[in-house]
Amino acid sequence: MDSFDDRRKGFEAKFVADQDMMFRITARRNRLVAQWAAERMKLTPAETDAYAKAVVQADFEEAGDEDVIRKLLGDLTAAGIDVDEVEVRRALDEQLVEARRQLMESR
C-alpha cells in the first residue's frame, strides 16, 4: 500500500507542477501579446508595461481566453488600429509558442 501512496503523491506533485507551468506560460503569453498590441498602438515603454499588467489581470475575469481577446480587440479598435478577432487569436497562438520557449529555456 505504501508504494501505491507514493505513486499517487508523485502523480499529484506532477499535476501541481504542470498546472503551475501552464499558469506561468499563459501569463507570459499574455504579457507578450500585450507588448505586441502596445507596439501597434505606439505606446511608450511605461505605458506598455502598465498595459501588459492590465492584460495579464484581464485573464482573471473568466476562464479561457475570451476575456483577453475582448480586451485586446477593444483596445486596439479604440486606438484606431484595423484588427479583427482572427488576427488577435493568431497573435495569441504565436506568443504562446514564444512564451513556452522562453520558460523552457529558463529552466
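Looking at an unreviewed UniProt entry, one finds the protein chain named DUF1476 domain-containing protein and attributed to Sphingomonas yabuuchiae.

### Brief notes about the side chain of arginine 29
Tracing the chain through its elements places arginine 29 in helix α1 (residues 2-40). A distance of 2.7 Å separates polar atoms of two side chains, one belonging to arginine 29 and the other to asparagine 30. Apart from the residues within four sequence positions on either side, arginine 29 is in contact with Asp65, Leu92, Gln95, Leu96 and Ala99.

### Considerations on the packing of α1 against helix α2 (residues 45-58)
Between α1 and α2, the least distance of the axes is 8 Å, while the angle of their chain directions is 135°. On the basis of the axis angle, α1 is oblique to α2. Our pair here, α1 against α2, has a crossing hand that is right-handed. Judged by residue contacts, Ala27, Asn30, Arg31, Ala34, Gln35, Ala37 and Ala38 of α1 engage Thr48, Asp49, Tyr51, Ala52, Lys53, Val55 and Val56 from α2. Partitioned by chemical class, the residues of the contact of α1 with α2 number 8 nonpolar, 3 polar and 3 charged.

### Comments concerning α2
The first and last C-alpha atoms of α2 sit 20 Å apart over 14 residues, in line with the 20 Å expected at 1.5 Å per residue. Taken residue by residue, α2 has Thr48, Tyr51, Ala52, Val55, Val56 and Ala58 as its buried positions. The buried residues of α2 occupy one face: seen down the axis, they fall within an arc of 155°. Opposite the packed face of α2, turned more than 90 degrees from it, sit the exposed residues Ala46, Lys53 and Gln57. Buried-residue contacts for α2 involve α1 and α3 (66-78).

Conventions adopted
Residues numbered from 1 in each chain as written. Predicted model: local features only at pLDDT ≥ 70, side-chain atom pairs only at ≥ 80, totals over all residues. Heavy atoms only, no water. Helix = DSSP H or I, 4+ residues; strand = E, 2+ residues; numbered from the N terminus. Polar contact = N/O pair within 3.5 Å; in protein donor to acceptor, adjacent residues only side chain to side chain. Contact = heavy atoms within 4.5 Å. Axes fitted to C-alpha atoms, helices over the stretch in contact; angles between N-to-C directions. Parallel < 35°, antiparallel > 145°, perpendicular 65-115°, else oblique. Left-handed = near helix turned anticlockwise from the far one by under 90°. Nonpolar A, V, L, I, M, F, W, Y, C, P; charged D, E, K, R; others polar. Expected span 1.5 Å × (residues − 1). Buried < 20%, exposed > 50% of the residue type's maximum accessible area, 1.4 Å probe, protein only. Arc of directions from axis to C-beta.

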